[in-house]
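Secondary and tertiary structure notes
In case you want the letters, here they are:
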Amino acid sequence: MTWIFTSDVEAYTGVVEPWLLRDPVRNTVPLTVLRAVRNGLWGDDPLLGRLERDGEVVAAAIQTPPHFLLLPAIPADVVPELAARLIEAERAISGVSGPLPQAEAFAASWWRPEAGRRAERLYRLDALVSPEPLADGASRVAGPADLDLLVRWGEEFQAEAEGIAYLDLTALVASRIARRELIVWEAGGRPVAFAGASVPLGGMSRVGPVYTPEEFRGKGYGTAISHAVSAKVSAEGATEVLLFTDLSNSTSNSIYQAIGYRPVGDYASITFA
């Protein structure tokens, strides 16, 4: 077995996507990222790798610079060879993200030491529970007039949750608005929170981001928009509704569990020095 790398997005998708869809829950991030790459987002020098045995895919890895290397749910024992191949190719990898065992296996094999990590947990929706009491206001699907506001809020979320503030989100937010993936919670005649959920792929939809600006927090808007976006994609045919939480944020973890989300497994995003 050896790792194979390509820049042919369509050929790669044709081979790797069916393998990822065998476990769309644990592979939710690579599935949605791969779809974004096919749609022309994050297309500068993508790393598209796969490992085959007897012509069958057994593992994959994706990087869309400047984002971290993304690992699906792959056998942990194939990770050191992946790291060795990328070191040999002098690939710039600023961090790795994926299921906890796989992310840790890559970090242990990488040539640069770990500088920090964000512990995450993947949740899946069991039975959606309506929040009581429901916050004032109502949800609506975001439209083109919301672009500037949601780009700004998206950048605030990016800086707060991920510690980065250098990515221009305009193209991404515009594409998600066009696909009706973003919704806004309005109260008192103005937007106070927003959330997104991907169009179902293989029956799977992933919620994120969910963001309430600081001045509107503590009023239940985060819970309300989380419930609204979960109900929307469920009504649109998603059989698996998923989301990630930062384990250091006890508030968001309790909110999602209160409306019906249950833990699937632990993940990590590890930054290299």
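Structure first, text after, so check above.
Quick look at the structure, then. These numbers were taken from a predicted model, which means no experiment stands behind them.

**Considerations on the overall build of the protein chain**
Looking only at helices and strands, the protein chain has eight helices and 12 strands in total. Here the C-alpha atoms of the protein chain give a radius of gyration of 19 Å, agreeing with the 19 Å that 2.2 N^0.38 yields for 273 residues. With respect to the principal axes defined by its C-alpha atoms, the protein chain has extents near 60 × 35 × 35 Å. For the protein chain, the proportion of contacts with a sequence separation of at least 24, taken over those separated by at least 6, is 72%. Within the protein chain, the 34 negative side-chain charges are centred at a point lying 3 Å from the centre of the 24 positive side-chain charges.

**Here's the deal with the side chain of Arg91**
Along the chain, the position of Arg91 falls in the loop between helix H3 (79-88) and strand S5 (95-99). One polar contact links the side chain of Arg91 to the main-chain carbonyl oxygen of Asp45, over a distance of 2.8 Å. If we skip the residues at most four places from it in the chain, Arg91 touches Asp45, Pro46, Leu47, Gln63, Pro65, Leu86 and Trp110.

**Notes on the nonpolar core**
Here is a general trend for soluble globular proteins: nonpolar side chains tend to be buried in one another's company. The biggest cluster of nonpolar side chains holds 45 residues, and the ones touching the most others in it are Leu69 and Phe106. Taken together, the elements giving at least two residues each to this core come down to helix H1 (9-20), helix H2 (28-38), strand S2 (47-53), strand S3 (56-63), strand S4 (69-70), H3, helix H4 (100-109) and strand S12 (261-272). For this core, the element with the highest residue contribution is S3, accounting for six residues. Sequence-distant contacts of Phe106, that is, excluding residues within four places in its chain, are made with Leu69, Leu71, Val79, Leu82, Ala83, Leu86, Ile93, Val96 and Phe272. In terms of nonpolar packing, the next biggest core, distinct from the first, is built from 37 residues, Ala142, Phe216, Val233 and Leu243 among them.

**Let's talk about the packing of aromatic side chains**
Enumeration over the complete set of coordinates arrives at eight aromatic pairs. With a centroid separation of 6.3 Å and 75° between ring planes, the pair formed by Phe157 and Tyr211 is classed as edge-to-face. Within this pair, whereas Phe157 is found in helix H5 (residues 147-162), its partner Tyr211 is found in strand S10 (residues 204-211), the two being separated by 54 residues in sequence. Members of the aromatic cluster, joined through ring pairs, are Phe106, Trp110 and Phe272.

**Some details on the side chain of Thr245**
Here Thr245 is to be found in strand S11 (residues 240-246). At 2.7 Å, the side chain of Thr245 forms a polar contact with the side chain of Asn253. Aside from chain neighbours lying at most four places away, what touches Thr245 is Ala119, Glu120, Arg121, Tyr123, Ser252, Asn253 and Tyr256.

**What about helix H7 (residues 221-235)?**
Taking 1.5 Å of rise per residue, 15 residues should cover 21 Å, and H7 covers 21 Å from first to last C-alpha, within 8% of that figure. Among the 15 residues in H7, 12 count as buried, and that is most of the element. When H7 is considered as a whole, its buried residues turn out to be Tyr221, Gly222, Thr223, Ala224, Ile225, Ser226, His227, Ala228, Val229, Ser230, Lys232 and Val233. Of the residues flanking the end of H7, it is Gly237, one or two places downstream, whose phi is positive at about 110°.

**Considering H3**
Among the residues of H3, Val79, Leu82, Ala83 and Leu86 are the ones counted as buried. In an axial view of H3, the angular spread of the buried residues amounts to 100°, which keeps them on one side of the axis. In the stretch just after H3, Glu90 is the one whose phi turns positive, near 55°.

**Topic: the packing of H3 against H4**
The N-to-C vectors of H3 and H4 enclose an angle of 45°; their axes lie 8 Å apart at closest approach. Taken as axis vectors, H3 and H4 run oblique relative to one another. The two elements H3 and H4 meet at a crossing, and its hand is right-handed. Along its contact with H3, which presents Val79, Pro80, Leu82, Ala83, Leu86 and Ile87, the element H4 presents Gln102, Ala105, Phe106 and Ser109.

**Focus: the pattern of salt bridges**
For side chains of opposite charge, pairing can occur when their charged atoms come near one another. One pass over the structure, following the stated rule, counts 16 salt bridges. For the salt bridge of Arg50 with Glu52, the shortest nitrogen-to-oxygen distance reads 2.7 Å. Under the relative-accessibility criterion, Arg50 is labelled buried at 15%. Here Arg117 ties to Glu104 by a salt bridge, and the two come within 2.9 Å at their closest N and O atoms. Placement of Arg117 in strand S6 (residues 114-125) and of Glu104 in helix H4 is noted, with a sequence separation of 13 residues between them. Using a relative accessible area of 40% as the deciding quantity, one classes Arg117 as partly exposed.

What counts as what
- Sequence order as written defines the numbering, with residues in each chain counted from 1.
- Where local features are concerned, this predicted model is filtered to residues with pLDDT of at least 70; where side-chain atom pairs are given and counted, the filter is 80 or more; whole-chain, interface and lining totals use all residues.
- Derived side-chain values reflect all non-hydrogen atoms in the structure, with water molecules and hydrogen atoms excluded from consideration.
- A run of H or I in DSSP becomes a helix once it reaches four residues, and a run of E becomes a strand once it reaches two; helices and strands are each numbered from the N terminus.
- Radius of gyration means the value over C-alpha atoms here, while the globule rule gives 2.2 Å times the residue count to the 0.38 power.
- Contacts are assigned to residue pairs with any non-hydrogen atoms lying within 4.5 Å of each other.
- Only four residue types enter the tally: Lys and Arg on the positive side, Asp and Glu on the negative side, with His and both chain ends excluded.
- Just so you know, the charge point we use is NZ for Lys, CZ for Arg, CG for Asp and CD for Glu.
- Throughout this description, a polar contact denotes any pair of N or O atoms lying within 3.5 Å of each other; where both atoms belong to protein, one of them has to be capable of donating a hydrogen while the other can accept it, and for residues adjacent in sequence the pair is counted only when both atoms sit in side chains.
- For the purposes of this section, nonpolar cores are sets of buried Ala, Val, Leu, Ile, Met, Phe, Trp, Tyr and Cys residues that join through side-chain atoms within 4.5 Å.
- Each residue is placed in one exposure class: buried if its accessible area under a 1.4 Å probe, protein chains only, is under 20% of its type's maximum, exposed if it is over 50%, and partly exposed if it falls in between.
- Each pair of aromatic rings taken from Phe, Tyr and Trp, with Trp reduced to its six-membered ring, is defined by centres within 6.5 Å and is described as stacked if the planes are under 30 degrees apart, edge-to-face if over 60, and tilted in the remaining cases.
- To estimate how far a helix should reach, multiply one less than its number of residues by 1.5 Å.
- What the arc measures is the spread of directions leading from the helix axis to the C-beta atoms.
- An axis is simply a line fitted to the C-alpha atoms; with a helix, the fit covers only the stretch in contact. Between two such axes, the angle follows the N-to-C directions and lies from 0 to 180 degrees.
- Orientation is classified from the angle alone, with under 35 degrees giving roughly parallel, over 145 giving roughly antiparallel, 65 to 115 giving roughly perpendicular, and any other angle giving oblique.
- With the far helix as reference, a near helix turned anticlockwise by less than a right angle produces a left-handed crossing, and one turned clockwise produces a right-handed crossing.
- The salt bridge criterion pairs a side-chain nitrogen of Lys or Arg with a carboxyl oxygen of Asp or Glu, the two atoms within 4 Å.

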